[in-house]
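Listed below are the residues making up each chain.
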Amino acid sequence: MIYFDNSATSYPKPPCVKKAVEYAYNHYFANSGRGSSKDTLLSAKSLYDARTSISDLVGTIPENVIFTYNATYALNMAIRGVVKKGMTVALERFAHNSVLRPLYALEKEGVTLEFLDTSLERDSVMISCFERLVRDKKIDVLVLTHTSNVTGKTLPVKRLSRVCREFGIILILDASQSIGSIQVDMKELGVDVLASSGHKGLYGIMGSGFLAISENFKGEITPLITGGSGMFSKEKEMPPFMPEHLEGGTVSTISAASMKAGADFIRKIGVEEIGDRERRLRQRILEGMSVIPKVKIYNSSVNAHSILLFNLSTLSPENLANVLDKNGIEGRAGFHCAPLVHELLKKGDEKYEGAMRLSVGYFNTEKECDKLIAVLNKISREQN
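What counts and how
- Residues numbered from 1 in each chain as written.
- Predicted model: local features only at pLDDT ≥ 70, side-chain atom pairs only at ≥ 80, totals over all residues.
- Heavy atoms only, no water.
- Helix = DSSP H or I, 4+ residues; strand = E, 2+ residues; numbered from the N terminus.
- Buried < 20%, exposed > 50% of the residue type's maximum accessible area, 1.4 Å probe, protein only.
- Areas by Shrake-Rupley, 256 points an atom, 1.4 Å probe, with all protein chains shown as cover.
- Lys, Arg positive; Asp, Glu negative; His and termini not counted.
- Charge placed at Lys NZ, Arg CZ, Asp CG, Glu CD.
- Contact = heavy atoms within 4.5 Å.
- Pairing = 2+ DSSP bridges.
- Axes fitted to C-alpha atoms, helices over the stretch in contact; angles between N-to-C directions.
- Phe/Tyr/Trp six-rings, centres within 6.5 Å; stacked < 30°, edge-to-face > 60°.
- Lys NZ or Arg CZ within 6 Å of the ring centre and 35° of its normal.
- Parallel < 35°, antiparallel > 145°, perpendicular 65-115°, else oblique.
- Nonpolar A, V, L, I, M, F, W, Y, C, P; charged D, E, K, R; others polar.
- Core = buried A, V, L, I, M, F, W, Y, C linked by side-chain atoms within 4.5 Å.
- 1 Å grid on protein atoms, 1.4 Å probe; cavity = no way out; pocket = protein on both sides within 12 Å on 5 of 7 lines; lining within 4 Å.
- Points joined across faces, edges and corners; volume = space filled by probe spheres on them.

Here we come to the overall build of the chain. Helix and strand counts for the chain come out as twelve helices and 13 strands. Each of the three principal axes of the chain carries a C-alpha extent, and together these read 70 × 55 × 30 Å. Scored against the burial criterion, the 384 residues of the chain give a buried share of 56%. Accessible surface for the chain amounts to roughly 17100 Å². Of this, 50% is attributable to carbon and sulfur atoms. Computed over 48 positive and 44 negative side-chain charges, the separation of the two mean positions in the chain equals 2 Å.

Right, dumping it as structure tokens:
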């Protein structure tokens, strides 16, 4: 099996992640914060060490890293924790349903949504639209996708964050597709709250994710989940300090250990090296795919680091995915939980049924890329 679905979850995981998971299972079994035994303290230290590795990677302090089940949970925590009734939220059309659905729900509760003009090729379209919008209306929060899970486009976060600083707008960033392959520094980017999965570019196990809050963030985040934290048990509300303020209930030491190992692996190899390798592999596939008859590539002009989005004119995306799967190649077809960006790609094509996505990872090889091209050539020839 050749795996080209790293945007959904990375595979394989580095050996150090597998070792960390096994070690955590055998040694971090006690419940952190629920007592003072040797094993409980060992679990607590493992969580702090994981927070430290992740905070070093994204540019905040360990206490401001909150562990979650996934990016969806983290984004709901950020959006519902920050956005209140009567606020106006700006967002773009690359957004994943993990952003869209919480905001659509809040729209029914009295929150106003403003969508930014979006272009696949030109960042200036979105920047100019946002600048005009903040002059005309009071925008309270901007929710941005760092890198699109559909096109691989990385948005101009730093340029937009300057506008946010000028007008006192809170910036929430979905970094699920950028962590590990692109430098993500909250201080440099000007991000207030960052959400990410742990099982994609961070190489953690599935069911892992985190929320990171800027050290300089002065706003309030209302807890999404309340409950036990192992301390202040007599109080009616969650502890007022991080991470306990937002981290209700038992934390998975195994998930945290996997993300720590992934973060350490990324620092050892280097974000630039990982990103460059993915870009080289993507370019190899792009060059081979561009001369195959009946193939339409939707993001060839996008400076993506790992994603290729395409269709074969004679097969639906789902059928193409099935044929590829029968040939030992795994990707993902459809709308990829991000319907608005597919509306941009559709461009009046009433027969558009989504697209086929291939997303390379650090552990893919040139030989696998060449096998993919050979298989696509074969499928194209067989389709009349």
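Here the focus is the side chain of Asp5. Assignment of secondary structure puts Asp5 in the loop between strand 1 (2-3) and helix 1 (15-27). Setting aside residues up to four positions removed in sequence, Asp5 forms contacts with Glu330, Gly331, Arg332, Arg357 and Ser359.

In this section: the sheet that holds strand 6 (residues 170-174). The seven strands are arranged 2-8-7-6-5-3-4 in an open sheet whose pairing can be described as mixed. The open sheet has two edge strands, strand 2 (65-68) and strand 4 (112-115), and neither has a second partner. The sheet shows a mean angle of 20° between the axes of neighbouring strands, taken without regard to direction. One ladder, built from five bridges, connects strand 7 (residues 193-197) with strand 8 (residues 209-213); its direction is antiparallel. Across the sheet, residue Leu194 finds its bridge partner in strand 8, namely Ala212.

Turning our attention to the sheet that holds strand 10 (residues 307-312). Strands belonging to one sheet form pairs held by backbone hydrogen bonds; the direction of such a pair is parallel or antiparallel. Judged by pairing direction, the sheet is antiparallel, and its four strands sit side by side in the order 9-10-13-12 without closing on themselves. The sheet is open, and its two edges are formed by strand 9 (295-297) and strand 12 (332-334), each paired on a single side. Taking the axes of each pair of neighbouring strands and ignoring which way they run, one obtains an average angle of 30° across the sheet. Lying over the sheet, helix 9 (residues 271-289) contacts strand 9, strand 10 and strand 13 (355-359), oriented at roughly 20° with respect to strand 10.

All told, the structure shown has ten aromatic pairs when counted by the stated rule. Both rings, one in Tyr298 and one in Tyr352, keep their centres 5.8 Å apart while their planes meet at 90°; by these two values the pair is edge-to-face. Taken together, the positions of Tyr298 in the loop between strand 9 and strand 10 and Tyr352 in the loop between helix 11 (339-346) and strand 13 put the pair 54 residues apart, joining distant regions of the chain. In this pair, the class of Tyr298 matches that of Tyr352, namely buried. Connected via pairs of aromatic rings, a cluster forms that spans Tyr203, Phe265, Tyr362 and Phe363. Taking the ring centre of Tyr362 as reference, the NZ or CZ of Arg277 above it sits at 5.8 Å.

What follows concerns unusual backbone geometry. Note: most residues except glycine have negative phi, and most peptide bonds are trans. For the bond from Tyr11 to Pro12, the omega torsion is -5°, close enough to zero to count as cis. One can find Pro12 in the loop between strand 1 and helix 1. A positive phi angle, near 70°, is found at Tyr203, a position not held by glycine. Its location among the elements puts Tyr203 in the loop between strand 7 and strand 8.

Further remarks concern the pairing of strand 7. When you tally the buried positions in strand 7, you get five out of five residues, the bulk of the element. Side-chain alternation along strand 7 places Val193, Ala195 and Ser197 on one buried face and Leu194 and Ser196 on a second face that is also buried. Here strand 6 pairs with strand 7 via three bridges, running parallel. Counterpart to Leu173 in the pairing with strand 7 is Leu194.

Packing of helix 5 (residues 123-136) against helix 6 (residues 157-167) brings their axes to within 10 Å, and their N-to-C directions diverge by 10°. Regarding the angle of helix 5 to helix 6, the classification is roughly parallel. From helix 5, Met126, Ile127, Phe130, Glu131 and Val134 reach across to helix 6, where they touch Arg159, Leu160, Val163, Cys164 and Phe167. Here the residues of the contact of helix 5 with helix 6 are counted per class, giving eight nonpolar, no polar and two charged.

The next subject is the nonpolar core. Counting residues in each nonpolar core, the largest one holds 59 residues, and the members touching the most others are Phe67, Phe130, Leu142, Leu144, Leu194, Leu202 and Phe210. Excluding residues within four positions of it along the chain, Leu142 makes contact with Ala90, Leu91, Leu116, Phe130, Leu160, Cys164, Ile169, Ile170, Leu171 and Ile172. Counting residues in each nonpolar core, the second largest holds 29 residues, with Val82, Leu91, Val111 and Val141 among its members.

Here we come to empty space enclosed by the protein. In the structure shown here, the tally under the stated rule is one cavity of 30 Å³ or more. Size it by volume and the largest cavity reaches roughly 200 Å³. Asn6, Ser181, Gly201, Glu278 and Val360 are, among the 26 residues lining the largest cavity, the residues nearest its centre.

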